[in-house]
Amino acid sequence: MTRLVLDHLTNWITAAAGEHSLDLAAHLEERTGASRRAALAALKRLVDAGWLTRSGTSRRPVFAPGALRQVVRSYTLYGLQEDLPWQRDFAPHFALPRHVERMVQHGFTELVNNAADHSGGTSVTVSLRQTPSHVQLLVSDDGVGVFDKICTAFQLEDPQHAMLELSKGRLTSAPDAHTGRGLFFSSQLADVFDIHANNTAYQRRAWDASGWKKGKGLPRQGSSIYMALALNTTRTLDGVMNAWSLSGDGIEFDQTRVQLRLLTTEGQALDSRAAARRVGSRLTTFKRAEIDFDGVIDVGHGFTDELFRVFAKANPQVELVAVNTSPRIEALIKSARA
């Protein structure tokens, strides 16, 4: 006799409840091969756990998705059009606040499109889950891994440097087809955002002003990107877009923040001109860049001179703004500028 495992059922029961509200037990029997008795028992457990609601009569029950909802689907990447899975397989089965749904749709389509266009893989698995307080999106592909992809495309030697470039935004290995906004803005929309790729991980928490931090990597090939948003968030897609536009209208993405902690390890200073040149890489695509010294214990004369004199003199159109500096670092920057 087929044994119905609740964790397996929750991957598709939300969609099934919407499509088979009047004959869900029969659908469960047909899909799993379970007996009528086992199907009814599983539905009761799903109702008790909050995955389903039940109305109607005992003889003619009517089922609907509950407070807990989830859809998990896998797709072949070749020829995948990211808007169709969202419209067809996911959006109809969730009940999200309008502004949250808009942000989730943005993250969903951008991350799935990145997997299709950049991962070099063959398949992607997408999971979207709603709880009474949060919505959680996980997009996993079997490609080369986002950090390896960036290192190859931009001749970088370290995944840490790839994360530095990714954190600036406007990074794409296909500039004719993409603007490099998708992953950056998806990370800014989320309360929790994790990137896992080939045993390397970085994470960002919206409540932590220090930004991106190294996480514990997963031993798997490809990329897994996770984002979670609180259902009661006051954040909006327009608000996030506007924050990175000097005019405040969200049209141009012309300012960024560079987290220097992504260039060094804990307890080490930034001394070299080479490190400063990594900071300055691609900043000419922005009009304003905040250089964030949070977590940096010290810098050398060569670093500040290369960035705040040599780069600044060669690129006067880019405004460099140092933030979270110690008095010593502030003095070094002032000296370099003078």
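Since this is a predicted model, take the numbers as computed values, not measurements.

1. Focus: the overall build of the protein
Line of reasoning, step 1. Per the secondary structure count, the protein includes 13 helices and twelve strands.
Line of reasoning, step 2. Dimensions of the protein along its principal axes, counting C-alpha atoms only, are 85 × 40 × 35 Å.
Line of reasoning, step 3. When burial is assessed residue by residue, the protein has 50% of its 338 residues classed as buried.
Line of reasoning, step 4. Sequence separation of at least 24 residues holds for 64% of the intrachain contacts in the protein that already meet a minimum separation of 6.
Line of reasoning, step 5. For the protein, the distance from the average position of its 39 positive side-chain charges to the average position of its 36 negative side-chain charges is 5 Å.

2. Observations regarding the pairing of strand β2 (residues 61–65)
Line of reasoning, step 1. Pairing analysis gives five bridges linking strand β1 (residues 52–56) to β2, with the strands arranged antiparallel. Its bridge partner being in β2, Gly 56 is matched across the sheet by Pro 61.
Line of reasoning, step 2. In sequence, β1 turns back onto β2 through a hairpin of four residues.

3. Quick notes on the environment of Phe 108
Line of reasoning, step 1. Structurally, Phe 108 can be placed in helix α6 (residues 98–118).
Line of reasoning, step 2. Phe 108 sits in the buried class, given a relative accessible area of 0%.
Line of reasoning, step 3. Sequence-wise, Phe 108 and Ser 127 are 19 residues apart; in three dimensions their C-alpha atoms are separated by 9.8 Å.
Line of reasoning, step 4. Ignoring anything within four residues of it in the chain, the contact list for Phe 108 reads Glu 82, Pro 85, Trp 86, Phe 90, Val 126 and Leu 137.

4. Considerations on empty space enclosed by the protein
Line of reasoning, step 1. Applying the stated rule across the entire model yields one cavity of 30 Å³ or more.
Line of reasoning, step 2. Contributing to the lining of the largest cavity are Met 163, Leu 166, Ser 167, Leu 183, Phe 184, Ser 187 and Trp 212.
Line of reasoning, step 3. Looking at the lining of the largest cavity, the elements with two or more residues in it are α8 (159–168) and α9 (182–189).
Line of reasoning, step 4. The class makeup of the residues in the lining of the largest cavity is five nonpolar, two polar and no charged.

5. Remarks on the UniProt feature "domain: DUF4325" (unreviewed entry) in the protein
Line of reasoning, step 1. Within this structure's numbering, the places UniProt gives as "domain: DUF4325" (unreviewed entry) are residues 283–327.
Line of reasoning, step 2. As annotated, residues 283–327 has a helix share of 33% and a strand share of 22%, and its two end C-alpha atoms lie 25 Å apart.

6. Digging into the packing of helix α3 (residues 24–32) against helix α4 (residues 36–49)
Line of reasoning, step 1. Relative to each other, α3 and α4 sit at 120°, their axes nearing to 9 Å. Classified by the angle their axes make, α3 and α4 are oblique. Considering the relative orientation of α3 and α4, their crossing is right-handed. Facing α3, whose interface residues are Leu 24, Ala 25, Ala 26, Leu 28 and Glu 29, α4 presents Arg 36, Ala 39, Leu 40, Ala 42 and Leu 43.
Line of reasoning, step 2. Looking at side-chain class alone, the contact of α3 with α4 contains eight nonpolar, no polar and two charged residues.

7. Topic: the packing of helix α11 (residues 273–280) against helix α12 (residues 301–314)
Line of reasoning, step 1. Packing of α11 against α12 leaves a shortest axis separation of 7 Å and a crossing angle of 40°. Here α11 lies oblique to α12, going by the angle between them. Helix-helix and strand crossings are classified by hand; for α11 and α12 the assignment is right-handed. In this structure, α11 uses Arg 273, Ala 275, Ala 276, Arg 277, Val 279 and Gly 280 to contact α12, whose residues at the interface are Gly 302, Phe 303, Asp 305, Glu 306, Leu 307, Val 310 and Phe 311.
Line of reasoning, step 2. Classifying every residue of the contact of α11 with α12 gives seven nonpolar, two polar and four charged.

8. Some details on the layout of surface pockets
Line of reasoning, step 1. Considering only enclosed or pocket space, the largest pocket measures out at about 500 Å³ in volume.
Line of reasoning, step 2. Considering the residues around the largest pocket, the lining is formed by 32 residues, among which Asn 114, His 118, Val 146, Leu 171 and Leu 183 are closest to the centre.
Line of reasoning, step 3. Taken together, the elements giving at least two residues each to the lining of the largest pocket come down to α6, β5 (134–141), α7 (146–153), α9 and β9 (223–230).
Line of reasoning, step 4. Per element, the largest residue contribution to the lining of the largest pocket is six residues, and it comes from α6.
Line of reasoning, step 5. Class assignment for the residues of the lining of the largest pocket results in 13 nonpolar, 14 polar and five charged.

9. Describing the sheet that holds β5
Line of reasoning, step 1. Strand order in the open sheet formed by seven strands is β3-β4-β5-β9-β6-β7-β8, with antiparallel pairing between adjacent strands. Pairing within the sheet leaves two strands with one partner each, and these edge strands are β3 (69–76) and β8 (213–214).
Line of reasoning, step 2. With two bridges joining them, strand β7 (residues 200–205) and β8 adopt antiparallel strand pairing. Note that in β8 the partner of Gln 203 across the bridge is Lys 213.

10. As for the environment of Ser 74
Line of reasoning, step 1. Considering the arrangement of structural elements, one finds Ser 74 in strand β3.
Line of reasoning, step 2. Residues Ser 74 and Val 139, spaced 65 residues apart in sequence, show a C-alpha to C-alpha distance of 9.7 Å.
Line of reasoning, step 3. Not counting chain neighbours up to four residues away, the residues in contact with Ser 74 comprise Val 124 and Thr 125.
Line of reasoning, step 4. Within the structure, the side chain of Ser 74 is placed 2.8 Å from the side chain of Thr 125, a separation counted as a polar contact.

Reading guide: rules and limits
By convention here, each chain's residues receive numbers from 1 onward along its written sequence. Note on the predicted model: pLDDT of at least 70 is required for a residue's local features to be given, and 80 or more for side-chain atom pairs to be given and counted; whole-chain, interface and lining totals, by contrast, use all residues. In computing side-chain properties, one takes all heavy atoms of the structure into account and sets aside hydrogens as well as water. Helix numbers and strand numbers start at the N terminus; a helix is a DSSP run of H or I with at least 4 residues, a strand a run of E with at least 2. Classification of residues uses two cut-offs on accessible area relative to the type maximum, computed with a 1.4 Å probe and protein chains only: under 20% is buried, over 50% is exposed, and between them is partly exposed. Throughout, a contact is declared for two residues whenever any of their heavy atoms are within 4.5 Å. The convention is simple: Lys and Arg are positive, Asp and Glu are negative, and His and the chain ends are not counted. Where a charge lies is defined by one atom per residue type: Lys uses NZ, Arg uses CZ, Asp uses CG and Glu uses CD. Should DSSP find at least two bridges between two strands, the strands are taken to pair. Here a cavity denotes grid points, spaced 1 Å and computed from the protein atoms alone, that fit a 1.4 Å probe unable to get out, and a pocket denotes an open set having protein on both sides within 12 Å along at least 5 of 7 lines; residues with an atom within 4 Å of a point are the lining. Grid points are joined across faces, edges and corners, and a volume is the space filled by probe spheres set on the points. Gly is put with the polar residues, along with every residue not named as nonpolar or charged; the nonpolar set is Ala, Val, Leu, Ile, Met, Phe, Trp, Tyr, Cys and Pro, and the charged set is Asp, Glu, Lys and Arg. UniProt positions are given in the numbering used here, feature names are shortened, and annotations may be inferred rather than shown by experiment. Fitting a line to C-alpha atoms yields each axis, with helices limited to the stretch in contact; the angle taken between N-to-C directions then spans 0 to 180 degrees. In what follows, roughly perpendicular refers to angles from 65 to 115 degrees, roughly parallel to angles under 35, roughly antiparallel to angles over 145, and oblique to any angle outside these ranges. Here a crossing is called left-handed whenever its near helix is offset anticlockwise from the far helix by less than a right angle, and right-handed whenever the offset is clockwise. Side-chain atoms alone can form a polar contact between residues adjacent in sequence; in general such a contact is a pair of N or O atoms within 3.5 Å, and within protein one must be able to donate a hydrogen while the other accepts it.

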